[in-house]
Structures are given as C-alpha cells and as structure tokens.
Amino acid sequence: MTGPETPRRRSDATRAAILEAARERFASDGYERATVRAIAHDAGIDPSMVMRYYGSKEGLFAAVIDVELDFPDPDGIDPDAVGVVLVTHFLDLWERDSVLRTLLRVGVTNAAGSDRLRDVFRTQLVPAARAFGHSAADADRRAALVASQVLGMALVRYVLRFEPAVDLTRDEIVAWLAPTVQRYLTAAEP
C-alpha cells in the first residue's frame, strides 16, 4: 500500500528498531559507554535518524526507560496474599520487560537512571503501599523496604546473574520473598 500511511509505518518501524537497539545497548554497555552511533549501527540506520526522533542520547534514554509497573488493584488482593501477588507481579515484569533490567543496570551507575528509578518508586510503588491504609511517611518507609527486596533480587538474578539467584525457581523466589514483602506491607510494626 502506498500513500499517507507508508511513511508513518516506516517511521514507526524505525522508532521501534531504535528503541530495541537502545535497550540492548544501554543494558549491555550502561548509559555512559553506549553511543548514539553504536545504537544506530545496531538498528541498521544512520545516527542522524536517532537524533531526528529523540533529539539526543538523553532523550533516547528517557524513551527507553519509560516504565509502568501496572500494579494489581489493591482492592482485589486478599490481604493475606499481598506478598505472593506482588512478588509474582515483579517477577513477571522483570522476566518479560527488558526495560526494567536496563533501568536497574543504568540506575546504579548513572544519575539520570537513578533519578528515573526514584521517580518510579515515588509515583508508582509508594501509592501502592499507601493503598494498604498507612500514613504517608509509613507508606514511604514500607515501599522502600519492598523495593529493597525486589530490586535486590532483580539485581542479583537479572543484572549481576549470581548463579544461586539465577538457579532459583520462580516458586522458590516467591516462597522466600513473599513473606517478607507481606510483612513490610501489612504488619502493624516490625
């Protein structure tokens, strides 16, 4: 088909190729070492196209790490199963979405990445913790504790690839982490 849709489809395909190449390059090289030229090469395009669509390496990085955690509705979760539901949800996210792995890897070495991780924490994880009826300050503290568990596991399993963590089954990870996440979110006090 020719006409007005052809350039749009081509630009959508080019953007998708750039984003995929950038995700892989940022994940493998980190933010500092990844270059627009290398990303463009991986996408099979001229570097000027990356600049055309994203303006800069920073703009491309922002597009790559646009992440939505899509938490389940807390009202639909049995309060006694919140740890299992959330740990399972996080495992699903980490395993299907390379954006989170990229964000975590870059977040530990780059200010823009750590800023974005903090933003995801503040705008998505803290409100989820508040849904369990805690005060704002208490929800912040509890969300930070949950983040320590899920980010810690993600770091050692998906980024650093520590063999014992990589070798754990999903059921084993849920069995180990869920009671702790449950306690962080629902216990009256430690």
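Residues numbered from 1 in each chain as written. Predicted model: local features only at pLDDT ≥ 70, side-chain atom pairs only at ≥ 80, totals over all residues. Heavy atoms only, no water.

Visitor: Give me the lowdown on the environment of I45, citing residues and values where you can.
Guide: With respect to the element layout, I45 can be found in the loop between α2 (36–43) and α3 (47–54). What makes I45 partly exposed here is its relative accessible area of 21%. Remark: the alpha-carbon pair of I45 and A17, spanning 28 residues in sequence, is separated by 8.9 Å. Setting aside residues no more than four positions away along its own chain, I45 makes contact with T14, I18, A40 and V50. (Helix = DSSP H or I, 4+ residues; strand = E, 2+ residues; numbered from the N terminus. Buried < 20%, exposed > 50% of the residue type's maximum accessible area, 1.4 Å probe, protein only. Contact = heavy atoms within 4.5 Å.)

Visitor: A description of the packing of helix α8 (residues 136–159) against helix α10 (residues 170–186) should follow, citing residues and the corresponding values.
Guide: Taken N-terminus to C-terminus, the directions of α8 and α10 make an angle of 160°; their axes are 8 Å apart at the nearest point. Judged by the inter-axis angle, α8 sits roughly antiparallel to α10. Crossing angle aside, the handedness with which α8 passes α10 is left-handed. Between α8, through R142, L145, V146, Q149, M153 and R157, and α10, the contact on the second element is made entirely by I173, L177, T180, V181, R183, Y184, L185 and T186. Its residues assigned to classes, the contact of α8 with α10 comprises eight nonpolar, three polar and three charged. (Axes fitted to C-alpha atoms, helices over the stretch in contact; angles between N-to-C directions. Parallel < 35°, antiparallel > 145°, perpendicular 65-115°, else oblique. Left-handed = near helix turned anticlockwise from the far one by under 90°. Nonpolar A, V, L, I, M, F, W, Y, C, P; charged D, E, K, R; others polar.)

Visitor: Before we move on, can you summarise helix α6 (residues 98–107) with the specific residues and values?
Guide: In terms of residue burial, α6 counts as a mostly covered element, since seven of its ten residues are buried. Among all positions of α6, only V99, L100, T102, L103, L104, V106 and G107 are buried.

Visitor: Tell me about the pattern of salt bridges, residues and numbers included.
Guide: Any two side chains of opposite charge can pair if their charged atoms end up close together. Inspection of every chain in the model, using the stated rule, returns 13 salt bridges. Where R157 meets E95, a salt bridge forms, and the shortest distance between an N and an O atom there is 3.8 Å. You can see R157 sitting in helix α8 and its partner E95 sitting in helix α5 (residues 82–96), a full 62 residues away along the chain. In this structure, the salt-bridge partner of R142 is D138, at a minimum N-O distance of 2.9 Å. Taken together, the residues R142 and D138, both in helix α8 and four residues apart, mark about one turn of the helix. In terms of burial, R142 and D138 fall into one category: buried. Counted as one network, the salt bridges with shared partners bring together R25, D29, R33 and D42. (Salt bridge = Lys/Arg side-chain N within 4 Å of Asp/Glu carboxyl O.)

Visitor: Explain the nonpolar core residue by residue, including any values.
Guide: By size, the foremost hydrophobic cluster in this structure holds 53 residues, and its most contacted members are F26, L60 and V87. Here this core takes eight residues from α8, the largest share from any one element. Residues within four places of F26 in sequence aside, it is in contact with Y31, A34, I39, K57, L60, F61, V64, T102, R105 and V106. (Core = buried A, V, L, I, M, F, W, Y, C linked by side-chain atoms within 4.5 Å.)

Visitor: Could you give me a rundown of the packing of aromatic side chains, with the residues and numbers involved?
Guide: Within a pair of aromatic rings, the relevant descriptors are the distance that separates the centres and the angle that separates the planes. On inspection of all chains with the given rule, the structure shows five aromatic pairs. Geometrically, the ring pair formed by Y31 and F61 is edge-to-face, given 5.0 Å between the ring centres and 70° between the ring planes. Placement of the pair is Y31 in helix α1 (residues 5–33) and F61 in helix α4 (residues 57–64), with a sequence separation of 30 residues. The burial state of Y31 is the same as that of F61; both residues are buried. Put simply, the rings of F26, Y31 and F61 pair up and form one aromatic cluster. Above the plane of the ring of Y31 lies K57, whose end atom (NZ or CZ) is 4.5 Å from the centre. (Phe/Tyr/Trp six-rings, centres within 6.5 Å; stacked < 30°, edge-to-face > 60°. Lys NZ or Arg CZ within 6 Å of the ring centre and 35° of its normal.)

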